[in-house]
Each structure stands twice: as C-alpha cells, then as structure tokens.
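# Summary of the model geometry
The residues making up each chain are set out below.
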Amino acid sequence: MAGIVGYGAYIPRYRIRVEEIAKVWGADAPSYKKGLMLREKSVPAPDQDTITIAVEAAKNALKRAAIPPAKIGAVYVGSESHPYAVKPTGTAVAEAIGAIPDCHCADLEFACKAGSESMFIAFSHVKSGEMEYAMGIGADTSQGAPGDALEYSASAGGAAFIMGTKDVVATLDVQYSFMTDTPDFWRREYMHYPRHGGRFTGDLAYFKHVRGGVEGILKKSKMKPKDFRYCVFHQPNGKFPTRMGKELGFTEEQYRAGLLVPTLGNTYSGASPIGLSAILDEAKPGDRILMCSFGSGAGSDAFIFTATARLPKIQGRARKTRDYLDTNPVYLEYGAYTKFRRKILKNVED
Amino acid sequence: MITPPVVRRNTPQRYRLEANKCAKCGKVFFPPRLVCDACRGRKFAPVTLADTGKVVACTVIRTPPTGFSDLSPYCMGIVELKGGTRIQCQIADCEPERVKIGLPVTLEFRRVQEDGESGVLAYAYKAVPAR
Ligand SMILES: [Zn+2]
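Residues numbered from 1 in each chain as written. Chains lettered and ligands numbered in written order. Predicted model: local features only at pLDDT ≥ 70, side-chain atom pairs only at ≥ 80, totals over all residues. Heavy atoms only, no water.

### Regarding the pattern of salt bridges
Under the convention used in this document: When a carboxyl oxygen of Asp or Glu is within 4 Å of a side-chain nitrogen of Lys or Arg, the pair counts as a salt bridge. Helix numbering and strand numbering both begin at the N terminus, where a helix is a DSSP run of H or I of at least 4 residues and a strand a DSSP run of E of at least 2. Only protein chains enter the accessibility calculation, which uses a 1.4 Å probe. A residue is then buried if its area is under 20% of the maximum for its type, exposed if over 50%, and partly exposed in between.
Tallied over the entire structure, the rule returns 33 salt bridges over all chains. One salt bridge connects Arg256 of chain A with Glu253 of chain A, and the closest N-O pair in it is separated by 3.1 Å. Residues Arg110 of chain B and Asp93 of chain B are paired through a salt bridge, measuring 2.9 Å at the closest nitrogen-oxygen approach. Of this pair, Arg110 of chain B sits in strand 7 (residues 104–114) while Asp93 of chain B sits in the loop between strand 6 (86–91) and strand 7, and the two are 17 residues apart along the sequence. Residue classification places Asp93 of chain B among the buried residues on the basis of a relative accessible area of 9%.

Here it is, written out as structure tokens:
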C-alpha cells in the first residue's frame with residue numbers, strides 16, 4: 001500500500017519575538033500575542049533560502065527512509081519563495097541528495113498549499129506504479145511587509161516526505177481536495193511583499209476551505225473526528241487552527257502535537273507538512289492522522305494516514321522536529337532581523 | 001566572480017561532498033584530484049564524506065572580500081570530518097566569540113555566493129555548531 005517511507009523537517013536556528021517587532025511599529029505586543037496565539041517566529045540565516053531548507057529536510061527524510069537516492073523518481077518542491085523567479089528549486093534538491101539524473105523535478109506554487117500539493121503528486125506516482133519512490137517537499141522563507149500583521153508570523157522552515165509502497169511507515173488511506181477561486185491573498189509579479197484581503201482571509205478563505213477539506217475527507221472515508229489520534233491543519237497563526245479544530249469536533253489532545261505555530265510562526269508551504277513531521281516523530285503503530293493544508297487563492301488538500309509498525313524504527317534516525325524548534329534558538333533584535341531579511345536598502349557593492 | 005560553468009563544475013563536491021579515494025594507497029582527496037600525491041596512482045573510487053566533525057583551526061574574518069561584507073564578522077575554519085578528511089569552510093550560525101578548536105559541527109547546505117542582485121547563486125556546505 002502507498003504511503004510515506006521517510007520524512008524529515010528543517011527549521012532555522014534564529015528567532016524573533018513578537019515584542020521585538022511590536023516595539024518598532026508602536027503596536028501592542030500583548031494583544032498581538034493573544035490575538036494570533038503566537039509568541040515568536042523562526043528567521044532564516046542570511047545564507048538560507050527555500051533551496052537550502054528543502055535540501056536539509058530532504059536529507060533528513062533520506063536518513064529515515066534509508067533508500068538509495070538514485071531510486072527516487074521525482075522531487076517536487078512547493079513554495080511561494082523559490083530563490084529564482086526562473087530556474088527550478090527541485091533540481092538543486094535532487095542534485096544535493098543524489099537523485100539526479102533519472103528524476104522528474106517540478107516546482108509548485110499555491111500560496112501555503114504548495115507543500116501538500118507536492119505530496120499529493122508524489123503519492124500519485126507511487127500509487128500508479130510509475131515510480132518506486134517520489135519526494136514531496138514544502139518549504140518557505142516567507143516575508144510579511146514591514147509593520148503588516150503578517151510580519152509577526154511569516155517565518156521559515158520546511159518538511160520533506162518520500163513516498164513509496166514498500167517499507168511504508170504511514171499508509172495513505174484517503175485523500176481529498178477542496179478548491180474555489182477566492183482572492184484572499186496574493187503577490188503580483190515583481191512585488192516584494194504579498195497583499196491580503198484583511199478580515200476576508202478568515203471565514204471566507206481559511207475556515208471555509210479547511211472545513212471543506214476536512215468535512216469532505218470525513219465523508220469520503222466515512223470516519224468521524226474521534227477516529228483519529230492526531231490532526232494537523234494549516235497554521236497561519238495559533239488562533240485559526242485551534243478554532244477550526246474545535247468547530248470540527250477535534251480536541252486539544254488531537255491537535256497539540258502538530259501545532260507548532262506559537263513558537264515557529266507561519267512557514268507557509270511548510271506549515272502543515274512540518275506539523276505532520278512532528279506528529280510522525282511521536283506517533284505509534286496504528287495511530288490514525290488527519291492532515292489538512294490550506295492555500296490562499298484558495299483550496300485545501302486533506303490526507304488520512306495510519307502509522308505502521310515500522311514507524312518507531314525510523315523516528316530516531318534523523319533530528320526530530322521539536323528538537324529543531326526547542327533546542328538553542330538564537331534571538332535577534334529587529335535591526336539584525338531586517339539585515340538578515342534584506343529589508344535594508346543599500347548601495348550596490350560590486 | 002562566480003560564473004555558471006564554475007558553479008556547475010563544483011557541484012558534485014559542493015552539493016554532495018563527493019571526494020575520491022586512491023585505489024592503490026587509499027588516500028582520500030577533497031576536492032577530488034587526478035593524481036595521488038602520495039603514490040602517484042591515477043585510479044580513484046568515489047566516496048562521500050561524513051557530514052559531522054570538529055573544528056581543528058579557526059579564525060574570524062573582520063575585513064571581508066568584496067561580496068561578503070554583509071556577513072562580517074564571520075568565522076572560517078578547518079573542519080576534520082568523521083573519517084579524518086579535513087575541509088576548509090565557513091562556520092555559520094556562530095558568533096565569533098563562540099568558535100574554538102574542538103567545537104563539534106555538522107555540515108549544512110547553504111548559499112555561499114551570489115553574483116549581485118540578478119546573477120547566479122552558488123550553494124555549498126558550511127559548518128554549523130552542532131545543536
Ligand atoms: Zn595513492
């Protein structure tokens with residue numbers, strides 16, 4: 001049966017606290033922290049981007065899968081911050097892990113949903129028997145405009161999944177997608193920062209599509225929220241997935257393991273995939289997991305997985321997601337943060 | 001200056017830590033060589049270096065070359081990888097006062113150079129303190 005044979009995440013070491021950003025813009029930190037249920041976010045180092053994060057996550061997935069990289073037939077990277085406007089991210093990842101040259105690569109973009117999309121396509125190849133293994137990655141180093149609400153949450157990180165049909169650690173049982181054309185968030189060509197529809201991004205975008213994805217997959221699978229040990233939803237802040245979970249009938253017990261946003265921020269294409277990696281780090285054989293992404297524009301991909309007896313054997317083969325998140329973070333002040341994120345206008349040096 | 005041909009030529013060693021090992025005497029070279037400097041052997045087998053090790057020499061760059069001023073001050077070092085091969089690289093995510101001989105490090109994939117605002121990007125390994 002098709003499923004995940006290896007998974008891995010990567011989160012940069014640097015962080016910035018909500019207070020540090022609020023101080024600069026004269027905003028009220030406690031109300032932001034309470035409103036967004038967010039304390040701090042990850043920041044990529046100046047030499048990190050979606051390619052470097054995707055490569056590190058892919059290397060961790062490969063360590064867990066312990067398969068020859070040449071057998072990986074496809075590498076897909078979903079992101080809204082590909083380093084080049086024209087030139088693929090996927091080829092760099094495939095080259096770095098040794099999957100080249102017998103490999104299909106593509107980059108995907110669909111706001112925050114691009115990561116789950118890459119997983120969806122990778123699953124299709126192994127289910128059809130076209131490929132022995134295929135890799136799907138979600139990674140981002142997203143930027144919010146300075147002073148915008150998104151600046152408090154837009155962060156960096158990624159997760160990679162190797163799909164296959166042999167030695168599966170979590171079977172893919174059901175999948176379902178829910179789409180409409182909804183202009184809740186966008187970035188036009190040549191623009192630095194995205195724009196959004198303010199309050200319109202809530203009920204008519206995030207909640208409508210995550211609800212659509214979850215209710216659709218529950219109907220398709222004839223399952224109920226209580227049939228799951230874990231659930232993870234797209235997490236642009238702490239408030240949205242928590243409210244969504246409760247409204248859909250899930251408990252904190254079910255979403256706690258995958259809810260990383262309070263100290264990670266919103267990793268966009270990486271968000272629900274990294275949450276899934278944190279769940280796989282601790283899940284036990286037989287545990288059923290529901291994942292539902294969300295991408296503005298808008299749509300959601302939902303998956304149901306069941307952990308197999310093999311999962312505990314590979315969990316410790318690479319660094320765990322919570323370890324990346326919790327061990328030795330380095331906190332930045334706003335000045336260093338703007339330099340890291342190249343928000344400062346400089347003269348051209350060379 | 002980095003150019004597309006230079007980036008491509010360095011890719012196997014910079015992306016995948018591909019070294020070569022002398023078939024006759026077993027000496028490992030990184031970056032790979034065509035002739036063994038120990039036994040003059042010309043036959044090699046490819047080997048992949050370990051991605052963990054420790055710092056055996058280090059310095060702090062405070063007057064960087066053109067193109068690297070945003071990183072200043074930054075640490076450069078020689079890292080002895082598990083298996084014994086020594087490589088020279090930047091020690092990233094590391095404050096200058098923290099770098100010291102014996103520091104355990106892992107190699108991570110990082111952006112190492114960029115040709116201005118519109119040119120090609122170059123990627124390779126950098127050492128980071130083991131977390
Ligand atoms: Zn020799």
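### Comments concerning unusual backbone geometry
Cis rather than trans, the peptide bond between Gly297 of chain A and Ala298 of chain A has omega equal to 5°. As for its position among the elements, Ala298 of chain A is in strand 13 (residues 297–307). For the peptide bond that leads from Phe30 of chain B to Pro31 of chain B, omega is -5°, which places it in the cis range. On the secondary structure map, Pro31 of chain B appears in the loop between strand 2 (28–29) and strand 3 (44–48). Phi angles above zero are rare outside glycine, and Asp167 of chain A is one such case at about 55°. Located in the positive-phi region is Arg342 of chain A, a residue other than glycine, with phi close to 55°.

### Some words on the interface of chain B and chain A
Let me state the cut-off plainly: The contact definition used throughout considers only heavy atoms, calling two residues in contact when any of these lie within 4.5 Å. A 1.4 Å probe defines the accessible area here, and the buried area is the portion of it lost by two parts on being joined, summed over both. Definition of a polar contact: a pair of N or O atoms within 3.5 Å, with one able to donate and the other able to accept a hydrogen when the atoms are protein atoms, and with sequence-neighbouring residues admitted only if both atoms are side-chain atoms. Here the nonpolar group is Ala, Val, Leu, Ile, Met, Phe, Trp, Tyr, Cys and Pro; Asp, Glu, Lys and Arg are the charged ones; every other residue, Gly included, is treated as polar.
Contact with chain B, which involves 29 residues of that partner, is made by 33 residues of chain A. When residues of chain B are sorted by the area they lose upon contact with chain A, Asp93, Phe109 and Arg131 of chain B head the list and together hold 31% of the total. On inspection of chain B and its partner chain A, the count reaches 8 salt bridges. One salt bridge in this structure joins Arg110 of chain B and Asp47 of chain A, with 2.8 Å as the shortest N-O distance. Here chain B is connected to chain A by 13 residue pairs in polar contact (both at pLDDT 80 or more). The set of elements that each furnish at least two residues to the side of chain B that touches chain A consists of helix 1 (4–16), strand 7 and strand 8 (121–129) of chain B. The greatest single-element share of the side of chain B that touches chain A, amounting to 6 residues, is contributed by strand 7 of chain B. Taken together, the residues that form the side of chain B that touches chain A break down as 11 nonpolar, 5 polar and 13 charged.

### Notes on helix 3 (residues 50–65) of chain A
Residue and element names in this part refer to chain A. Note the following rule: Expected span of a helix, by definition, is 1.5 Å for each gap between consecutive residues, and there is one gap fewer than residues.
In this model helix 3 runs 22 Å from its N-terminal to its C-terminal C-alpha over 16 residues, within 8% of the 22 Å that 1.5 Å per residue would give. Here helix 3 lies mainly inside the structure; 14 of its 16 residues are buried. Immediately downstream of helix 3, the backbone of Ala66 shows phi near 50°, a positive value.

### Observations concerning the coordination of the zinc ion
All names here are of chain B. Rule in force here: Ligating atoms shown are N, O and S within 2.8 Å of the metal, or 3.2 Å for Na, K and Ca, and water is not included, meaning a site may look less than complete. By the criteria applied here, four donors are tetrahedral when all angles lie between 85 and 135 degrees, four are square planar and six octahedral when opposite donors are over 155 degrees apart and every other angle lies between 65 and 115, and any other arrangement is irregular.
Distances from the zinc ion to its protein donors, namely Cys22 (SG), Cys25 (SG), Cys36 (SG) and Cys39 (SG), fall within the range 2.2 to 2.4 Å. Coordination at the zinc ion comes from 4 donor atoms whose angles at the metal span 97 to 114°, giving a geometry best classed as tetrahedral. As a motif over one chain, the donors of the zinc ion read C-x2-C-x10-C-x2-C. Taken together, the residues span a long stretch of sequence, with Cys22 in strand 1 (residues 18–22) and Cys36 in the loop between strand 2 and strand 3 at a distance of 14 residues.

### Looking at the nonpolar core
Residue and element names in this part refer to chain A. Using the following cut-off: Nonpolar cores were defined as sets of buried Ala, Val, Leu, Ile, Met, Phe, Trp, Tyr and Cys residues, with membership established by side-chain atoms within 4.5 Å.
Core analysis: the largest hydrophobic core is formed by 75 residues, its most contacted members being Ile4, Ile72, Val75, Ile137, Ile162, Leu276 and Phe305. With 9 residues, helix 3 is the largest single contributor of residues to this core. Among all residues touching Val75, those that are not within four sequence positions of it are Gly90, Val93, Ala94, Ile97, Ala99, Cys103, His104, Cys105, Ala106, Met135 and Ile137. In this structure, Tyr14, Val43, Met244 and Leu290 belong to the second largest nonpolar core, which totals 41 residues.

### Thoughts on the domain arrangement of chain B
Note on interface size: it is often stated as the accessible area lost on association of the parts. Residue and element names in this part refer to chain B. Quick reminder of the rule: Domain start and stop positions are those given by an automatic or database domain assignment.
You can read the domains of chain B as domain 1 (1–49) and domain 2 (50–131). For domain 1 and domain 2, the distance between their C-alpha centroids amounts to 20 Å. Listed by partner, the interface residues are 13 residues for domain 1 and 17 residues for domain 2. Roughly 1,200 Å² of surface becomes buried between domain 1 and domain 2 when both sides are summed, with 71% attributable to carbon and sulfur atoms. Three residues, Ile2, Arg14 and Leu49, lead the burial of domain 1 against domain 2; their summed loss comes to 49% of the area buried on that side. At the boundary of domain 1 and domain 2, one finds 0 salt bridges.

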